[in-house]
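Overview (structure and organization)
Below are the chains, spelled out letter by letter.
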Amino acid sequence: MQNVASQQDDFYGDRMTAQVARWAEGIAAVLSPDESASALQLERLGGRDGRAVYKVVCGTRVGVLKLFDHSRPALRDAYLRERDMLVQLKGWSRTARHLAHCDAGGFVLTQYLRGTPVSQYAERHGALSVARAVGVWLGGLDARMITRPAFASWSDYLASVRTGLPQSAVDGADAALGSLPVRGMALARNDGNLSNFVMNGSGHCLGFDFERARVKPRGWDFVLTALELTAQSPGPVDPVLDRLADGFASVRDQNTLVQDLRDVVRFLFTEISAQSHKMEG
Ligand SMILES: Nc1ncnc2c1ncn2[C@@H]1O[C@H](COP(=O)(O)OP(=O)(O)O)[C@@H](O)[C@H]1O
Ligand SMILES: [Mg+2]
């Protein structure tokens, strides 16, 4: 532990930092290969339930360390998903660049992304202000994934797989979703949380957090993210969807896919809002 100084290390702190301490020299060498600095400063950014995310400062260099408690099989699995996705996306400038990973230590080391969390940005300026940039990110991710054919409608898919979407909304939208084909299966981030995106100084949206990645219908992240964004934005849903779709389709010509995805979101959104009104009434 000599050269690891940790702050805000309340939760899981000692055990998790001890897990990293063995690798401190290697982390310093990756972050700062030409500098003599080797002391690491860790600042807790987030993570819970056996995960910890740290900003790591080594001399003038900064990275992010995401650490998984590898004694727990579910977290080992989450580590592997995060690692594999980061490796696959290595050449993509819109995500935190993979710098290193350590199977024995259960952690990945990535670039630190400066920017405003999209959750905060949308709260301040409205969902419309970020929707196009977020759409570009989602389209970019889609364009990088290998797609395999699917022979199902969105209704078939949602009836056969538990997804975390509200079941009553899925049931209510079932008939409408039956007419929308799944246009291929591909790896998705499978996490629509807006805290997994930041807006950088050039107005680009950057994204991270791949520990939940799964093979899903193409556009799955579009659906999850659109539902999060529209839930945050009290106004009409169509303008937000228009901008998301416009951003997504700008990466590659994806008009048919994007039209279907908009409909999937609209059908689910209509059910979710109808049911929340019923509960209020
Ligand atoms: N590469 C990064 N650059 C900047 N901040 C990051 C980076 N990775 C994670 N964070 C910050 O840490 C938080 C938690 O990381 P995340 O990978 O989303 O883990 P969790 O599984 O806890 O959601 C994020 O919401 C973000 O604020
Ligand atoms: Mg996250």
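Described below are features of the structure shown in this document.

Parameters and conventions
Residues numbered from 1 in each chain as written. Chains lettered and ligands numbered in written order. Predicted model: local features only at pLDDT ≥ 70, side-chain atom pairs only at ≥ 80, totals over all residues. Helix = DSSP H or I, 4+ residues; strand = E, 2+ residues; numbered from the N terminus. Rg over C-alpha atoms; globule rule 2.2 N^0.38 Å. Buried ≥ 20, exposed ≤ 12 C-beta atoms within 10 Å, placed from the backbone. Contact = placed C-beta atoms within 7 Å. Near = placed C-beta within 6 Å. Domains from an automatic or database assignment. Expected span 1.5 Å × (residues − 1). Core = buried A, V, L, I, M, F, W, Y, C linked by C-beta atoms within 7 Å. Pairing = 2+ DSSP bridges. Axes fitted to C-alpha atoms, helices over the stretch in contact; angles between N-to-C directions. Nonpolar A, V, L, I, M, F, W, Y, C, P; charged D, E, K, R; others polar. Parallel < 35°, antiparallel > 145°, perpendicular 65-115°, else oblique. Left-handed = near helix turned anticlockwise from the far one by under 90°.

1. Concerning the overall build of the protein
Along its length, the protein carries 11 helices and 11 strands. The C-alpha atoms of the protein give a radius of gyration of 20 Å, which matches the 19 Å a tight globule of 281 residues would have. In terms of overall dimensions, the protein has a C-alpha envelope of 60 × 40 × 40 Å along the principal axes. Relative to its full complement of 281 residues, the protein shows a buried share of 41%. The long-range share in the protein, meaning contacts at least 24 apart out of those at least 6 apart in sequence, stands at 70%.

2. Considerations on the site of ligand 1
Around ligand 1, the structure places 17 residues, and the nearest of them are L45, G46, A96, L113 and D209. Looking at the shell around ligand 1, the elements that each hand over two or more residues are β2 (40–46), β3 (51–58) and β4 (61–68). Looking at which domains feed residues into the shell around ligand 1, each of domain 1 (4–111) and domain 2 (116–280) supplies at least three.

3. Digging into helix α9 (residues 220–232)
The terminal C-alpha atoms of α9, which comprises 13 residues, lie 19 Å apart, in line with the 18 Å expected from a rise of 1.5 Å per residue. The buried fraction of α9 amounts to 11 of the 13 residues, a majority that puts the element mostly inside the structure. Every buried residue of α9 is listed here: W220, D221, F222, V223, L224, T225, A226, L227, E228, L229 and T230.

4. A few points about the environment of N196
As for its position among the elements, N196 is in the loop between β8 (185–188) and β9 (197–199). Taking the C-alpha atoms as reference points, N196 and P117, separated by 79 residues in sequence, lie 7.4 Å from one another. Sequence-distant contacts of N196, that is, excluding residues within four places in its chain, are made with D191, G207, F208 and D209.

5. Considering the environment of I27
Within the secondary structure, I27 is located in helix α2 (residues 24–31). Look at I27 and you get buried, because 26 C-beta atoms sit within 10 Å. Spatially, the C-alpha atoms of I27 and L99 are 9.5 Å apart, while their sequence positions differ by 72 residues. With residues up to four places along the chain from it excluded, the contact list for I27 reads L40, V56 and L109.

6. With respect to the nonpolar core
Judged by nonpolar contacts, the single largest core of 76 residues is most densely connected at V118, V130, V134 and C205. The element best represented in this core is helix α11 (residues 255–280), accounting for 9 residues. Residues lining this core come from more than one domain, with at least three contributed by each of domain 1 (4–111) and domain 2 (116–280). Beyond its immediate chain neighbours, meaning those up to four positions away, V134 contacts V118, F197, C205, T225, L244 and G247.

7. A word on the sheet that holds strand β7 (residues 116–117)
Across a sheet, strands are paired by hydrogen bonds formed along the backbone, either parallel or antiparallel in direction. Here 3 strands make up an open sheet; going across it, the order is β7-β9-β10 and the pairing antiparallel. Single-partner strands in this sheet number two, and they are β7 and β10 (205–207). Sheet topology note: the β9/β10 ladder contains 3 bridges and is antiparallel. Bridging across to β10, V198 finds its partner in L206. Together, β9 and β10 form the strand contacts of helix α5 (residues 128–144), whose direction differs from that of β10 by roughly 50 degrees.

8. Points about unusual backbone geometry
Even without glycine at this site, D49 takes up a positive phi of about 50 degrees. By the element assignment, D49 lies in the loop between β2 and β3. Residue D209 is not a glycine yet carries a positive backbone phi of 80 degrees. Tracing the chain through its elements places D209 in the loop between β10 and β11 (214–217). Classification of D209 as partly exposed rests on a count of 19 C-beta atoms within 10 Å.

9. What to know about the packing of helix α4 (residues 118–125) against α5
Taken N-terminus to C-terminus, the directions of α4 and α5 make an angle of 145 degrees; their axes are 8 Å apart at the nearest point. Across from V118, Y121, A122 and H125 in α4, the residues of α5 making contact are S129, V130 and V134. Partitioned by chemical class, the residues of the contact of α4 with α5 number 5 nonpolar, 2 polar and no charged.

10. Structural notes on the packing of α5 against α9
α9 packs onto α5 with a crossing angle of 165 degrees between their chain directions and a minimal axis gap of 10 Å. Considered as vectors, α5 and α9 are oriented roughly antiparallel to each other. Relative to α9, the crossing made by α5 is right-handed. Each of A131, V134, L138 and L141 in α5 lies in contact with α9, whose residues at this interface are D221, F222, T225 and L229. Here the residues of the contact of α5 with α9 are counted per class, giving 6 nonpolar, 1 polar and 1 charged.

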